[in-house]
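Observations on the three-dimensional arrangement
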Amino acid sequence: MTFSEDHHIKAITTYGNQQDTDNQVPVYDVISPAKQSVPFVFNSPHSGRAYLNSFLESSRLDTTQIRQSEDAFVDLLIKDVEQFGAPVLKANFPRAYVDVNREAYELDPRMFEGRLPNHINSRSLRVAGGLGTIARIVGEKREIYRHRIPAQEGIERIEKVYKPYHAALRGLLNEVQDQFGLAVLIDCHSMPSAKANRNHDPKADFVIGDRFGTSCSTWLSSCAVGLLQNMGYHVTLNRPYAGGYITENYGRPDRGVHALQVEINRALYMDETTHTPHSGFQQVRSDLMEFLGSLVEMVRESFSEDALAAE
């Protein structure tokens, strides 16, 4: 397969809401079907590859090292799911710049120059690990920044990138629920292969997360696990990834909103050292389409049986 240039890093000057230019890209893109026909929203919040020049200049890392926190190319793996009749929301900004799978203000004061708001959450385990809303590290504890970040810049990232992204996601879910009385969010991520073997378990190809049965119907997560297993993949449920802030925050099955996280082992489709897709990419992409299409169809068929509402 010949990959287009869109799997490479893109250096830009600003994020905005205008059309993509050489120096500016939107904060996010929504790929919408001609007609919404199923109660699904697909989300790729960590696969952004558009890096501000100023951000790159402030980092001590090179352009390969800084990409280690990306859920690399997940947006390309799932970009055709709109054919199922559901929209795809994808971030263009990188996770290392702002992580929307965190609370809005999980911030480490030691990273910033100046005063932060009093309402920040500086004591979360994610902040302690260097992986707050604005991360301190990528990959194997590589420090991102040369110097402290001005506090105002940190707040602007949240106001201009984090909040618009969540407003878009919330809006899509509300529209779907208004139309169908039900919404299913599939939050798509990838995981480094080294982390897939934690606790001496066999390497997982996929990890399905439902926050231990609290973010979606257990019927839905069981269907997801079963479909992938039947395709020959090794699948785990909630181990080691049960779902992050997005899954936890938006998953309200008692209110008809189901959120399911899907983690894909990067070794299946990319070279993690060179950060490039390899020959397995097409097969994984094809299998993902089969898996997600089957999941959509199972939910569609369940409408008459109320499988999602029965729990």
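Residues numbered from 1 in each chain as written. Predicted model: local features only at pLDDT ≥ 70, side-chain atom pairs only at ≥ 80, totals over all residues. Heavy atoms only, no water.

Here we look at the nonpolar core
Where we set the bar: Throughout, nonpolar core names a set of buried Ala, Val, Leu, Ile, Met, Phe, Trp, Tyr and Cys residues whose side chains join them through atoms within 4.5 Å. Type-normalised accessible area, obtained with a 1.4 Å probe on protein chains alone, sets the label of each residue: buried when under 20%, exposed when over 50%, and partly exposed for intermediate values. Put simply, DSSP marks the helices as runs of H or I at least four residues long and the strands as runs of E at least two long, and each gets a number from the N terminus on. In what follows, a contact means two residues having at least one pair of non-hydrogen atoms within 4.5 Å.
The biggest cluster of nonpolar side chains holds 49 residues, and the ones touching the most others in it are Tyr15, Phe55, Phe93 and Ile144. It is helix α4 (residues 151–180) that provides the largest number of residues to this core, a total of eleven residues. The residues contacting Phe55, other than those within four sequence positions of it, are Ile66, Pro94, Ala96, Tyr97, Ile144, Tyr145 and Arg157. Listed in part, the 42 residues of the second largest apolar core include Phe73, Val235, Met289 and Val296.

Remarks on the sheet that holds strand β7 (residues 88–91)
Here is the rule: Only when DSSP finds a minimum of two bridges between them are two strands counted as paired. To define axes, lines are fitted to C-alpha atoms, for helices over the stretch in contact only, and angles between the resulting N-to-C directions are given on a 0 to 180 degree scale.
With mixed pairing, seven strands are arranged side by side in an open sheet as β4-β7-β5-β12-β15-β13-β14. Among the strands making up the open sheet, the edge pair consists of β4 (28–31) and β14 (235–237). Strand-to-strand, the axes of this sheet are offset by a mean angle of 20°, without reference to chain direction. Here three bridges tie strand β5 (residues 40–44) to β7, and the two strands are oriented parallel to one another. Residue Ser44 lies in a different strand from β7, and its bridge partner there is Lys90. On top of the sheet, α4 reaches β4, β5, β7, β12 (183–191) and β15 (257–265); it is set at about 165° to β5, its chief contact. Strand contacts of helix α7 (residues 281–302): β5, β12, β13 (206–209) and β15, with the helix running at about 150° to β5, the strand carrying the most contacts.

Considering the packing of aromatic side chains
So the rule is basically this: A pair of Phe, Tyr and Trp rings is counted when the ring centres sit within 6.5 Å of each other, with Trp represented by its six-membered ring. The angle between the planes then sorts it: under 30 degrees is stacked, over 60 is edge-to-face, the rest tilted.
Tallied over the full model, the rule gives nine aromatic pairs. Look at Tyr15 and Tyr97: their rings are 5.6 Å apart centre to centre, the planes differ by 50°, and that puts the pair in the tilted class. Taken as a pair, Tyr15 in strand β2 (residues 14–16) and Tyr97 in the loop between β7 and β8 (112–113) lie far apart in primary sequence, 82 residues in all. The pair Tyr15 / Tyr97 is uniform in exposure class, with both members buried. Residues Tyr269 and Phe281 carry aromatic rings whose centres are separated by 6.2 Å and whose planes lie at 70° to one another, so their mutual orientation is edge-to-face. Residue Tyr269 is located in the loop between β15 and β16 (270–271), and its partner Phe281 is located in helix α7; the two are separated by twelve residues in the primary sequence. For Tyr269, a relative accessible area of 0% gives the class buried. A residue is classified by how much of its surface remains accessible, and Phe281, at 1% relative accessible area, is buried.

Focus: the pattern of salt bridges
Going by this rule: Basic side-chain nitrogens of Lys or Arg form a salt bridge, by our definition, when they fall within 4 Å of a carboxyl oxygen of Asp or Glu.
Throughout the structure, instances matching the rule amount to 16 salt bridges. What emerges from the salt-bridge pattern is a single network uniting Asp29, Arg49, Asp75 and Lys90.

Regarding helix α5 (residues 218–230)
To be explicit about the condition: Helices are assigned an expected span. That span is 1.5 Å times one less than the residue count.
For α5, which comprises 13 residues, the first-to-last C-alpha distance of 18 Å matches the rise-based estimate of 18 Å (1.5 Å per residue) to within 8%. Looking only at α5, the buried set comprises Leu220, Ser221, Cys223, Ala224, Val225, Leu227 and Leu228. Residues of α5 that are buried make contact with β12, β13, β14, β15 and α7. Immediately downstream of α5, the backbone of Gly232 shows phi near 95°, a positive value.

Remarks on the packing of α5 against α7
In helix packing, the relevant descriptors are the interaxial angle and the interaxial distance, both defined with respect to the helix axes. The condition that has to hold: Throughout, a crossing is termed right-handed when the near helix is turned clockwise from the far one, and left-handed when it is turned anticlockwise from it by less than a right angle. Gly counts as polar in this scheme, as do all residues outside two lists: the nonpolar Ala, Val, Leu, Ile, Met, Phe, Trp, Tyr, Cys and Pro, and the charged Asp, Glu, Lys and Arg.
As a packed pair, α5 and α7 sit with axes 10 Å apart at the nearest point and diverge in direction by 145°. In terms of crossing hand, the pair formed by α5 and α7 is right-handed. In this structure, α5 uses Trp219, Leu220, Cys223, Ala224, Leu227 and Leu228 to contact α7, whose residues at the interface are Phe291, Ser294, Leu295, Met298, Val299 and Ser302. Of the residues in the contact of α5 with α7, the class split is ten nonpolar, two polar and no charged.

What to know about empty space enclosed by the protein
To keep things clear, this is the line we draw: Method remark: on a 1 Å grid restricted to protein atoms, a set of points is classed as a cavity if a 1.4 Å probe fits but cannot get out and as a pocket if it is open with protein on both sides within 12 Å along at least five of seven lines; lining residues have an atom within 4 Å of a point. Grid points are joined across faces, edges and corners, and a volume is the space filled by probe spheres set on the points.
As enumerated under the stated definition, the model contains two cavities of 30 Å³ or more in all. In this structure, the largest cavity spans a volume of roughly 60 Å³. Its residues assigned to classes, the lining of the largest cavity comprises six nonpolar, two polar and three charged.

Structural notes on the state of the cysteines
Short version of the rule: Cysteine sulfur atoms that pair up within 2.5 Å are treated as a disulfide.
For the structure shown, the criterion picks out zero disulfides. The closest cysteine sulfur to the non-disulfide-bonded Cys216 is located on Cys223, 9.9 Å from its own sulfur.

With respect to the environment of Leu220
For Leu220, the position within the fold is in helix α5. On the basis of relative accessible area, Leu220 is assigned to the buried category, the value being 0%. For the pair formed by Leu220 and Val184, sequence separation is 36 residues and the distance between their alpha carbons is 9.4 Å.

Topic: the environment of Ala72
Inspection of the secondary structure assignment puts Ala72 in the loop between α1 (53–58) and α2 (74–78). Each C-alpha atom of the pair Ala72 and His46 lies 7.6 Å from the other, and the pair is 26 residues apart in sequence. The residues touching Ala72, leaving out its near neighbours within four places in the chain, are Ser190, Arg266, Tyr269, Met270 and His275.

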